[in-house]
Amino acid sequence: MIKRILIILVSLVAFVVLAFKLSPYPTIWVVRYAFNKEAIKVNKALEKYVPEKIETITDLNYDENDKDAYLDVYFHKEWAQSGKKLPVIVWTHGGGLVSGDKSQVSNYCKILASKGFVVVSIDYTIAPEAKFPTPVQQLNKALKFLSDQADQFHADNTFFVLAGDSAGSMISATTANVITSPEYARLINIPPGLRPDQIRGLLLYCGIYDITNLNTDGDFGFFLEAAAWSYFGKKDISQDQEAKISSVTDFLTESFPPTFISAGNNDPLLAQSQLLAQKLSALNVPIDTLFFSKDHSPALNHEYQFNLDSDGKLALDRSMIFIDSLKK
């Protein structure tokens, strides 16, 4: 009897190990649960900072042929009643490309809206359910929809700021390059959702910009490998052409919009943000960065910007100063 139980246990362990090696799904299911749980907690913690009189329009379909193509719009009632058309911040949520949805950044979007913006949070199809470049296609379609329908949102469709966190920053940066570089748009085969002059700038937090050059050491590296496998459909992406195309740092031009870039000092993806800043600076693209010393205390982890009880408040203030500079 004991021998039989041991055989069953060993077989189960072998099956689980094999499943993790043959497919990204087992890892992603675990990660998705953990990431979603944390994102909901972080969003809840921001409730105390949300001001009154924020109007919300939820679940607008930006592509009738896509079941995942929905967005939410936020604006302050008094700003809207002023009759002014407001600058637009389009926020693409993070989640490692494999988790998350637009509702998980709802309170942060409301806080941004209180500063005098129309703020839009979009949904896109996460991996492995969809592969690259589906989210980039979806963001471009969302931008076209918003530009065409701007009047109903009190929005100024000549002033878009693309923003995002983590995977959302990656998608936003790629989209900005599609819009401002015709050669890159042809390479990735995506029609731009906006004209280049409609994008005034970007806010990019904690993103990935060179996916073929990731530090995969440690537990976070194990997740990054599974996320890349999910997004590109290949376990080894080192020679994958689509992975190379997605690494926007290799295709930047001097036409890339002015960009604010930040990541915490304890973020395992910090080097990615620093690389993007270096590449854009070398092209003389206007940038502003918020990085911290190695010994900064408290140590700022991935997605630190959502903690307004700590240095996330500084990040928010700096973001607003950066956008104000784009109005001049």
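Right, let's walk through the structure included here. (Residues numbered from 1 in each chain as written. Predicted model: local features only at pLDDT ≥ 70, side-chain atom pairs only at ≥ 80, totals over all residues. Heavy atoms only, no water.)

**As for the nonpolar core**
And step 1. One finds Leu-71, Val-90, Val-118, Val-120 and Ile-211 to be the most contacted residues of the largest nonpolar core, which totals 69 residues.
And step 2. Once residues lying within four places of it in the same chain are set aside, the contact partners of Val-90 are Val-120, Ile-122, Leu-139, Leu-143, Leu-146, Phe-160, Val-161, Leu-162 and Ala-163.
And step 3. Among the nonpolar cores identified, the runner-up in size contains 32 residues, and Leu-112, Phe-117, Leu-203 and Leu-300 belong to it. (Core = buried A, V, L, I, M, F, W, Y, C linked by side-chain atoms within 4.5 Å. Buried < 20%, exposed > 50% of the residue type's maximum accessible area, 1.4 Å probe, protein only. Contact = heavy atoms within 4.5 Å.)

**Description of unusual backbone geometry**
And step 1. That bond from Ala-127 to Pro-128 is cis: its omega, 0°, falls within 30 degrees of zero.
And step 2. Among the secondary structure elements, Pro-128 is positioned in the loop between β4 (118-122) and α5 (134-148).
And step 3. Non-glycine residue His-154 carries a positive phi angle of around 60°.
And step 4. Checked against the element boundaries, His-154 lands in the loop between α5 and β5 (155-165).
And step 5. Even without glycine at this site, Asn-284 takes up a positive phi of about 65°.
And step 6. Position of Asn-284 relative to the elements: it lies in the loop between α10 (270-282) and β8 (287-290). (Helix = DSSP H or I, 4+ residues; strand = E, 2+ residues; numbered from the N terminus.)

**A look at the sheet that holds strand β2 (residues 70-76)**
And step 1. In space, the 8 strands of this open sheet follow the order β1-β2-β4-β3-β5-β6-β7-β8, with mixed pairing throughout. Unpaired on one side and paired on the other, β1 (54-61) and β8 mark the two borders of the sheet. The sheet shows a mean angle of 20° between the axes of neighbouring strands, direction not considered.
And step 2. The sheet contact formed by strand β7 (residues 259-262) and β8 spans 4 bridges and is parallel. Paired with Phe-260 across the two strands is Asp-288, which belongs to β8.
And step 3. Sitting on the sheet, α5 touches β1, β2, β3 (86-92), β4 and β5, and the angle it makes with β5 is about 155°.
And step 4. Across the face of the sheet, helix α11 (residues 312-326) comes into contact with β3, β5, β6 (199-205), β7 and β8 while running at roughly 165° to β6. (Pairing = 2+ DSSP bridges. Axes fitted to C-alpha atoms, helices over the stretch in contact; angles between N-to-C directions.)

**Concerning the pattern of salt bridges**
And step 1. Within this structure, the stated rule accounts for 15 salt bridges.
And step 2. Here Glu-129 and Arg-32 are joined by a salt bridge, their closest N and O atoms 3.1 Å apart. Here Arg-32 lies in helix α2 (residues 25-45) and Glu-129 lies in the loop between β4 and α5, a separation of 97 residues in the sequence.
And step 3. The salt bridge partner of Asp-288 is Arg-318, with a shortest N-O separation of 3.0 Å. Of this pair, Asp-288 sits in strand β8 while Arg-318 sits in helix α11; the two residues are 30 residues apart in sequence, bridging distant segments of the chain.
And step 4. Taking the relative accessible area as the measure of exposure, Arg-318 reaches 22% and is therefore partly exposed.
And step 5. Several salt bridges converge on common partners, so that one network encompasses Asp-59, Asp-72 and Lys-102. (Salt bridge = Lys/Arg side-chain N within 4 Å of Asp/Glu carboxyl O.)

**Considering α10**
And step 1. With 13 residues, α10 extends 19 Å between its outermost C-alpha atoms, agreeing within 8% with the 18 Å of an ideal straight helix rising 1.5 Å per residue.
And step 2. Of the positions making up α10, those classed as buried are Leu-270, Gln-272, Ser-273, Leu-276, Ala-277 and Leu-280. Along α10, the residues classed as buried sweep out an arc of 170° about the axis, all on the same side. Exposed positions of α10 whose direction lies more than 90 degrees from the buried face are Ala-271, Gln-278 and Ala-282.
And step 3. In this fold, the buried residues of α10 make contact with β6, β7 and β8.
And step 4. Downstream of α10 by one or two residues, Asn-284 has phi in the positive range, about 65°. (Expected span 1.5 Å × (residues − 1). Arc of directions from axis to C-beta.)

**Structural notes on the packing of aromatic side chains**
And step 1. Counted under the stated rule, the structure contains 14 aromatic pairs.
And step 2. Aromatic pair Tyr-108 and Phe-306: ring centres 4.9 Å apart, planes at 80°, arrangement edge-to-face. One end of the pair, Tyr-108, is in helix α4 (residues 106-113); the other, Phe-306, is in the loop between β8 and α11, and 198 residues separate them in sequence. Across this residue pair, the class does not change: Tyr-108 and Phe-306 are buried.
And step 3. Measuring from ring centre to ring centre gives 5.8 Å for Phe-132 and Tyr-231, while their planes differ by 75°; the resulting arrangement is edge-to-face. On the criterion of sequence distance, the pair formed by Phe-132 in the loop between β4 and α5 and Tyr-231 in helix α8 (residues 218-232) is long-range, its members being 99 residues apart.
And step 4. One aromatic cluster in this structure is built from Trp-91, Tyr-108, Tyr-205, Phe-260, Phe-292, Tyr-304, Phe-306 and Phe-322. (Phe/Tyr/Trp six-rings, centres within 6.5 Å; stacked < 30°, edge-to-face > 60°.)

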